[in-house]
Every structure is written in structure tokens, then in C-alpha cells.
Amino acid sequence: MTIRNSGKAGLARMFLCGVATAAFAIPMAAQAQEQDESAIEDDIATGNAIIVTATKREATLQEIPVAVSVTTSETLQREEIRDLKDLQTVVPSLRVTQLQSSANTNFIIRGFGNGANNAGIEPSVGVFIDGVYRSRSASQISDLPNVSRIEVLRGPQSTLFGKNASAGIISLVTSEPSFTPEGSAEISYGKYNAQVVRGYITGPLSDSFAGSIAAGYARRDGYNRDAGSGTRTNERDRWFVRGQLLFDNGDDFTARVIADYDSLNENCCGVVNLQPSSFTQALQAIGGEVNAPADAFANTVYNNFPSTNDVQNGGVSAQFDLDVSDVLTLTSITAYRETAGDFGQDVDFTSADLLQRFNEQKLKTFTQEFRISADWDRVTALAGMFYFDESVREDQRVAYGEDFRPFANVLTTSLLGQTLTQAEGTLGALAGDPTQFIGTFFAPGIVESGFFTLDNKALSLFAQVDFEVTDGLTLTLGGNYTMDDKTGATNYQSTGVFSNLDLVVLGNRAIVAQGTPGAIAVGVCLQLPGVCAGSAATPAELAAVIDGTSIYGAQGAAAYPLIAAGAQAQVQAFADANDTNPNVNSLLIAQALQNFPRFVNIPNAIESGKTSDNDFSWTARLAYDISPDLNVYVSYATGFKASSFALSRDSRPAPGDAAALAAAGLLFNNQTFGSRFAGPEESEVIEIGLKGNWGDYSMNLTGFRQDIDGFQSNVFTGTGFFLANAGKQRTYGVEFEGLANPVDPLTLNLAVTWLDPSYVSFPLSPFGNISGTKPAGIPEWTVVLGGQWAQPLGNGDTVLLRSTYAFESNTQIVDGLPGFLDPTLPDGGQAQAIAAAAPFTRQVDELSASITYVFEDAGAELSIWGRNLLNDRYLLSLFDSPAQPGSISGYPNQPRTWGATVRIGF
């Protein structure tokens, strides 16, 4: 299981060397062009010169020829955006979902993104905080401390940001320590007893050193009442502390050291039942409860114990910048981070004690970036390297609860016509001992457990040069060569007795046992017609043949063994041909309860557990200043994401390895197959953009076609996740962002995204070939409309009225539900699985608003705010209900919230 792709290596090295040479061969004595300070001050005064670092150098939002959205610190405050999950309400091309646990946050840009539900899967959207890469969502979810701005870069960004930026980048930039003493404090209270306390202070420590410290605490009662456990879920309970030290003596060298630690311990996330099944009725027969589908948005869920989401996250980083000359700057960013998570969940999402899942996760990540940047008269350039070293360990265990055996008893009585104890005896007899399984099926306790590890090392070499060909016309060329090696190992096993029975083999024996006597009786009647009183020999007539007392005497007794052998052979042949047919083998219906089959660990004699990926990504862009107020650009860029491992109980050998594994003696009874990993995904985008800035009015318009080849899809099947490459996904899109200040008190903003996605090729989805279809979960239209009225008062104070409306057009939520697949149907149940998901759609209409009174002299402000004021309710996602085939569950969104905030600055 080793992937190698080195065909582009030689070309990549030549390209990088050429770009770097072109960038730095210009004489060092060239002088950098000075900026027009007064022009920049004028732009800032009108709010049109937001500084961004999307290309790892400072430029205004107007100047930079990249599709990027910037959310300022003021917007974060006015919109009460507390973490990255809330950011989607102001950035239309971004979607953020939090499912299963507090640490499972998935970022999607232009409809592309994944990675939240498995520690072995890195996101397609990279998250950077102060230039430091955060590889997993568990390390990205802290409350936002003293953020200066958040930049969302849309489309592949691998040229400058390396691996795992195939769909885009989210970059958070926090405020540096100041040599002017200042600080702020914030207290907030809101619905569901929401409380936020935050503080920030900064100032000089000496003439050359400045420091800052930020800390915060946030808690909120859950907005869902858990009627099963008597608790509340979707709560918030987290805190953080972050310290910075800045060295700047006004000379050529600066250093910035950041240390942070954050913690959360929350009960999350509420699941509701959307469609019950006969298995749900069996659950209710033992006293278990789920909500009625009509009450999906009644803020009531059912679990038999509250979930655990205990995440500790911390790290330290150091950035050093050295101005070697007037035109050259060296930068180094070194970081080390650790994340530890402890999770527990009632994974059947009912009040019955059926299934419990626990896992502990540990990540250790070291990153190092070196780069050199230059700024000459007509050329700006940078080159560098990025090194990534991470280890992941995940310990998992799943247990049957006290109610699973009674639940199974109801099901076996219904499905097999026997109580569970009777079924244990019947299956034991078929396996050779009627007593061997008594009391063992679905017994409370651990049913499977073990651990998974992943070691990942990656190195990227990158360079980019911007050359002003003529006044106003700039050509950009950049490239990145990335090498990524992963080694995965598992030590996991199932001890579930029932899950590891081969119901095909036992069913074969049952068919033979049931069919042989009748076949013999028929055979006796056919070959010894004088014996039978009817159409088949009665037991008395058969006995007379066997002991020679029938009318055939000794002749009949001698013929019986031959008749019996022939009849048994016929029955065996019939059984062999039909033991996988549920219409003949009645035991197969019980496979729905075989959720924990044996596990084939890696590495083994056939599967190495290693991947090795090499890729060259590049960018070519041409930008032209039509006028000082209007510029246009066209670009082509590629992106790369390395192979991902299914680092969980869902890791199963590929069907193509079945023969080799069987020959090596590595397969078990009732062996299941799936996927170990998904290969690399490669993306490309063709983009044309127009940016205008006319003082009180500005706009950005982008049109694009973006492809991701080998898109890594991770779909929940009801018993686990299925990781696979999705072939190719393509999206055509148009994005518009505009800002207007028609009169002094009023500022208006409008952002619109139109997307037209399709699966160009996805033949191996969990529910069949869906090539040519439209991916679910991606709205065609997304609109964000906002406005702020800043009314000055006669006493110098100001009243701010602000409102934002976020809209997403109606879209199907998921492509299909694999639990509805049926191998007995001609198409394997593909149409049925897709049809089951079709009724569930989502449209978003969220309105937020705030009114703020700014006390100018006191440096304070009071805000009253509300989010989702229309109480718009919709489903974030849906899936096959665990342990309830045919049932559907889903995650509802957050209801209306409101509160008040007091901020003081000094």
C-alpha cells in the first residue's frame, strides 16, 4: 500500500530553481520603491485599505490579485463571532459545520472540504494562526483572542502554503504586542445563561521588548434538553490564555514569541430522529425513547448518558524577521503544538443503553518555515521551505450497554421467530455445540478496542516571483514541490461473539439440516413407490424401509443409504447455490446486528501501511491595473492534498487485496472490506477577477472553474465511515463582494456566491456510481447582506445600528444514505439509497442584528445583540441511525440567541 508519484520531480526542481534564480539574480544594490504614505493614510481613513498577507507579504485588499475575503476585528465584535464556526455568516463562500463532537469542525470553501471525523484525515482547507499551521480541527476551535483580521483565501493555495490547501486557506492574524500601554475587557451575558469574560493587556517591558497577555472564559447551558440523561447538550465550557513577547529595537531584527493554552469540556452534539423504522419500534418495546420526527426542532434529544468532549490544546511559536538589506528579508517561523482529546458518546442516540463509544486522541506537531523575500523596483519575490512532522495516536473502544441484549431479544424474536437464548442454542448447534453461545450474544461490556497510530513527515520547497512587465502589468509565477510520507499502524480487535459468526456458513448448514429429511422422503417415494401412502414417505414408512420391514424387505434397507446420500448431495448443492440469498438463508437478516466484525491490522504481509506522495503545484497569474481605481487579473493554479488514512475502526482492507490476504491466512470469518486510505487529491482553478475601489465604493468580482481530482470523501454509513477518492468534482462559480458608504453614517455590504457543482466522476461512492450528479450540501446561491448606521450624538458619543442577513438557497443535504442499499435489488439498492435522502433539504435564512452605544470619553461601549433572530431551523447533516437500519438521524442547527456585551478599552 505504497503510493509513489515522482514523475514531476525533475520538472519541479528545474522550475523552482528557475523562479528562485530569476527572483534573486537582480543586483542587490537595487533600491525598493517607497510607498506613498499619504495615499495609504487616505485609504485607511475611508476604510478601503485593509492590509492582508495572503501572499505572505503585506498588501492592500485592493492590490492583491487573489480571491480573498477579509473579516476585520470590528466585524467580529459587532457580529458577536466567537469562533471559526460563526464566521460563515459573513463569508458566503465558506461553510462550517460542527458534528459528532466539539472537535469535529469541518471547513468547506466553494463546496470543497473535509477531514473532521477522522484524525487520519487532514483538511482540504488549511487553517493558519499567525503563520502557524493547525493540522486538525481539534486544535482550531479555541475562542478567538485579540484577532486583527481573518483572511479566507478561496481556491487552491498550495503554491505558498504547501500540502492540504487544495480547497483554500483560513488565516487568522492576531495583534502584536504594542509599545503603547493599552488593554481591553469584555463581559457578555445572553440566552441559555451564556457568559463570556475576556481581557487583553499589552505594553512595553523595556525600550526593545513589549508583551501582551489575553485570557478568556466562555460558558453556556446547552440549548438542547436531553430527556434521556437529564442533562443539556450543545453547551459551551471553555477557556484560553495567550501570551506574546515582541522584540523590536527599531533596527533590522524583530522577534515574536507566542505561547498559548486552551481547554474545553463540553457536552456536544445533539442528534434527533428524522425517520423511525421497525428497529426503532423494537427499541421502544424495551422502554427506549427517541423524539418524534415532527419534534426534530423542539430542542429535545435522547441519550442515556451525556457525551464527553474534553480537549486540551497548547503550543509555542517563534517568528524571527531579519532585514538583510534594504531589499532582502529573512523570516523563520518555528512552532511546536500538542493536542489531547478525551471523548465519550452514546452513539445510538437514544435513551436506551445500547452502544457506547470512547476514544482518546493525542497529536504532537512540529513545523518549521524558512523564507527569504525581496522587493526591488519592478520585482518582488520570495522563496522558502516548510517542514512538517506530526505523530497521531488514537485509542478507541466500543461497548454494548445493558439494554442491547434485551433489544436484540426483541429483534431475534421478530426476525428469526426465536428468543435470543433460543437463537444462541440453534446457532451453537449448527456450530457443533448447542451450549457454546448461551448468554454470550450482545453481553454488556467492551466489544472492540485497540489503538491506531500515524506518523507523518512532509517537506515543501516553494518560490514565487512578481514581475512588473510594464507599468500596471504584473506577471506572477510560483511553484511548490512537496514530499509527504505517512506510516500508519493499527492494533485493534473485536471480541463480539455474534458479530464474528459466519451466518453464510451456518445458514448453509441450516438449509441442509432442514432440507435433507424431506429430500430423503421424496427420494424413497420415487425409487420405492410401493412404500408411500402419500406424496412423501411418512416417518413410520421411512423407519420400515430402514429396518427392512417394508414390502421391499432387505432390498429396501440396502437401497436407503444410496437414496439418502443422493438426496443429501442434492440439498447440499442447493444450499451452496443459495446460502447468500436472504430468501433462502433466513439467518442473513440478522447480519444487521453484526456491527463489530474482526479486524485485519496493519502493517501485515500484504499491506505496508505506508504512503509516499510527491507533487509539484504551481501558479501563473497576470494582473493589470486598468486605472488607479480598477484592476483585473487572470490566473491558473494547482493544489495538492496528500493521502489520508482511515485512522479508526472503519479501516478495512480493500476488496482488491482480499485474495492476497486470504492466501496469507490473514482473513477472518465474516470478513468485511472497505478502505484503508484515500489517495492524494489534486486541484486546479482557472480564475478571472476584477477589483475596484472608488473611495466610498469598492467591489471584488471573481469567476472561476475549479476541479478537484481524487477528492477525498468520508461518508457515514450508519455503522462507520467510508473513506474513498471521489473521482473528480468540478464547480463553476461567480463571487461578488461589495462595500458602499453612500452617506457618512451608513455603510452597506453585499456578498453573493453562485456555485454550479457536479461529480464529473464518482463511480465508487458508498451508494453506487453517482457520476454526473450534483453534489449535495452545496447551495446554488449564497447571499450575505449587511448594513451599519453610525449615528454621532451631540455629546460626542455614537450609536451603532448593525444588521446582517445570510441566505443559502434550498439544497439537498447529503447525496444518499448507504444504510438503504439492498444487494437483493437489481441495482444493489442505489436508487433506494439516493431516494431516501432526497426529501431532506436545507434553506438558510439567518438574520443577526446589534445596537451599540459607544461612550467616547469613557472608552466603553454597550451592545445588545441577537443571532438567528428569525429562529430559522434547518438540518446541518443527516445519516443512517446506528443500530436501527432504515431509521434516519440528523443534527439540527442552533436556535435563536441573544445577549448584551460591555466592552472597555484603555
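Just so it is clear, the structure is predicted and the values come from calculations on it, not from any experiment.

Spatial ordering of the open sheet is given by β14-β13-β18, a layout of 3 strands whose pairing is mixed. A single partner strand is all that each edge strand has here, and the edge strands are β14 (231-233) and β18 (300-301). The pairing of strand β13 (residues 224-226) with β14 spans 3 bridges and is classified as antiparallel. Each residue of the ladder has a partner; that of R225, found in β14, is R232.

Structurally, T482 is set in strand β24 (residues 473-494). If we ignore the near neighbours within four places in the chain, the residues touching T482 are G162, K163, L459, S460, D613, N614, D615 and F640.

Looking now at the packing of helix α6 (residues 404-415) against helix α7 (residues 420-430). The N-to-C vectors of α6 and α7 enclose an angle of 75°; their axes lie 8 Å apart at closest approach. Here α6 lies roughly perpendicular to α7, going by the angle between them. On the side of α6, the interface is formed by R405, A408, N409 and T412, while α7 contributes L420, T421 and E424. Among the residues forming the contact of α6 with α7, the class breakdown is 2 nonpolar, 3 polar and 2 charged.

Take the environment of D696 next. With respect to the helices, strands and loops of the structure, D696 is situated in the loop between β29 (681-693) and β30 (697-709). Given the relative accessible area of 37%, D696 is considered partly exposed. Sequence separation between D696 and P885 is 189 residues; the distance between their C-alpha atoms is 58 Å.

Attention now moves to the pairing of strand β36 (residues 798-812). The sheet contact formed by strand β35 (residues 781-792) and β36 spans 11 bridges and is antiparallel. Within the sheet, the bridge partner assigned to Q788 lies in β36 and is R802. Between β35 and β36, which pair antiparallel in sequence order, lie 5 residues; one of them, G796, sits at a positive phi of approximately 95°.

Moving on, we come to the side chain of Q356. Secondary-structure assignment places Q356 in strand β21 (residues 355-375). Within the structure, the side chain of Q356 is placed 2.8 Å from the side chain of D353, a separation counted as a polar contact.

So, about the nonpolar core. With 42 residues, the main nonpolar core has L87 and I170 as its most contacted residues. Sorting the residues of this core by element identifies β4 (94-98), β5 (105-109), β6 (125-129), β8 (147-154), β9 (168-174), β17 (272-275), α12 (830-837) and β39 (875-880) as the ones contributing at least two each. Not counting the four nearest positions on each side in its chain, L87 is found in contact with T71, L76, I81, L94, I150 and V152.

Time to look at the state of the cysteines. Inspection of every chain in the model, using the stated rule, returns 2 disulfides. Each disulfide pairs two cysteine sulfurs, and for C268 the partner residue is C269, the sulfurs being separated by 1.9 Å. With the S-S dihedral at roughly 80°, the linkage between C268 and C269 falls on the right-handed side. Across the pair, exposure class does not vary: C268 and C269 are buried alike. A disulfide bridge connects C525 with C532, and the sulfur atoms are separated by 1.9 Å. Classification of the bridge connecting C525 and C532 rests on its S-S torsion, roughly -100°, and on that basis the disulfide is left-handed. A residue is classified by how much of its surface remains accessible, and C525, at 11% relative accessible area, is buried.

About the criteria used
Residues numbered from 1 in each chain as written. Predicted model: local features only at pLDDT ≥ 70, side-chain atom pairs only at ≥ 80, totals over all residues. Heavy atoms only, no water. Pairing = 2+ DSSP bridges. Helix = DSSP H or I, 4+ residues; strand = E, 2+ residues; numbered from the N terminus. Contact = heavy atoms within 4.5 Å. Axes fitted to C-alpha atoms, helices over the stretch in contact; angles between N-to-C directions. Parallel < 35°, antiparallel > 145°, perpendicular 65-115°, else oblique. Nonpolar A, V, L, I, M, F, W, Y, C, P; charged D, E, K, R; others polar. Buried < 20%, exposed > 50% of the residue type's maximum accessible area, 1.4 Å probe, protein only. Polar contact = N/O pair within 3.5 Å; in protein donor to acceptor, adjacent residues only side chain to side chain. Core = buried A, V, L, I, M, F, W, Y, C linked by side-chain atoms within 4.5 Å. Disulfide = S-S within 2.5 Å.

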